[in-house]
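# Analysis of the macromolecular model
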Amino acid sequence: MSSVTIKNVWLEYIMEWFYFSVTESCGDGAAAICCGNPKETSEYFIQWWKKRWLPTMKKRGYKKDEFFHSKEEYTGQNGESIVNYHDSNENFIFCDQIIDLGHGDVSFIIESACKTFDSNFTCLGVNK
């Protein structure tokens, strides 16, 4: 398992690392943020993406105002709560347990709370 254990890091930095871990894998990447509040963190990710990347994508011809992958919420085989924005190649995963995505894909394990620059949102640490 490729993983990064994170504590006390600005959430905006984590989102940037997470986003590039998926998109810079030649269009075939996956990454997971393992945290204590996956649904809320996934919603924050979409807000972050709209602010950080949507204007650039619009300039390149992207027509939608929404994230480019569909959202699916489900319970994993070990009872984990999972939110996944995905298509046939890319997976942006948020879950409440540590999961192994396999070789080459990264699990970002939030060990302790990580706040946004303005402290308006906190990604909670995952229960181990």
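This text gives an overview of the structure that appears in the document. Owing to the predicted nature of the structure, the values given are computational and were not obtained by experimental measurement. (Residues numbered from 1 in each chain as written. Predicted model: local features only at pLDDT ≥ 70, side-chain atom pairs only at ≥ 80, totals over all residues. Heavy atoms only, no water.)

## Some thoughts on the pattern of salt bridges
This model, assessed by the stated rule, comprises six salt bridges. Salt-bridge contacts for Glu-16 lead to Arg-52; the nearest nitrogen and oxygen are separated by 3.1 Å. Here Glu-16 is found in helix 1 (residues 11-23), whereas its partner Arg-52 is found in helix 2 (residues 38-52), with 36 residues between them in sequence. For Arg-52, a relative accessible area of 37% puts it in the partly exposed group. In this structure, Lys-39 engages Glu-73 in a salt bridge whose closest nitrogen and oxygen atoms are separated by 3.3 Å. (Salt bridge = Lys/Arg side-chain N within 4 Å of Asp/Glu carboxyl O. Helix = DSSP H or I, 4+ residues; strand = E, 2+ residues; numbered from the N terminus. Buried < 20%, exposed > 50% of the residue type's maximum accessible area, 1.4 Å probe, protein only.)

## Description of the packing of aromatic side chains
Scanning the entire structure with this criterion turns up 25 aromatic pairs. Geometrically, the ring pair formed by Tyr-19 and Trp-48 is edge-to-face, given 5.9 Å between the ring centres and 65 degrees between the ring planes. Of this pair, Tyr-19 sits in helix 1 while Trp-48 sits in helix 2, and the two are 29 residues apart along the sequence. Taking relative accessible area as the criterion, Trp-48 reaches 8% and is therefore assigned buried. (Phe/Tyr/Trp six-rings, centres within 6.5 Å; stacked < 30°, edge-to-face > 60°.)

## A word on the pairing of strand 4 (residues 81-86)
Inspection of the sheet shows strand 3 (residues 70-75) paired to strand 4 by six bridges, in the antiparallel sense. Counted as the bridge partner of Ser-70 is His-86 from strand 4. Turn length for the strand 3-strand 4 hairpin, with the two strands adjacent in sequence and antiparallel, is five residues, and the turn residue Gly-79 shows positive phi of about 85 degrees. Here five bridges tie strand 4 to strand 5 (residues 91-95), and the two strands are oriented antiparallel to one another. Each residue of the ladder has a partner; that of His-86, found in strand 5, is Asn-91. (Pairing = 2+ DSSP bridges.)

## Focus on the nonpolar core
Ranked by size, the top nonpolar core spans 30 residues in total, and within it Ile-33, Phe-45 and Trp-49 carry the most contacts. When contributions to this core are tallied by element, the ones reaching two or more residues are helix 1, strand 2 (30-34), helix 2, helix 3 (54-59), strand 4, strand 5 and strand 6 (106-110). Ranked by the residues each element gives to this core, the list is headed by helix 1, at six residues. Of all hydrophobic cores here, the second largest spans eight residues; its members include Ala-32, Cys-34, Ile-93 and Cys-95. (Core = buried A, V, L, I, M, F, W, Y, C linked by side-chain atoms within 4.5 Å.)

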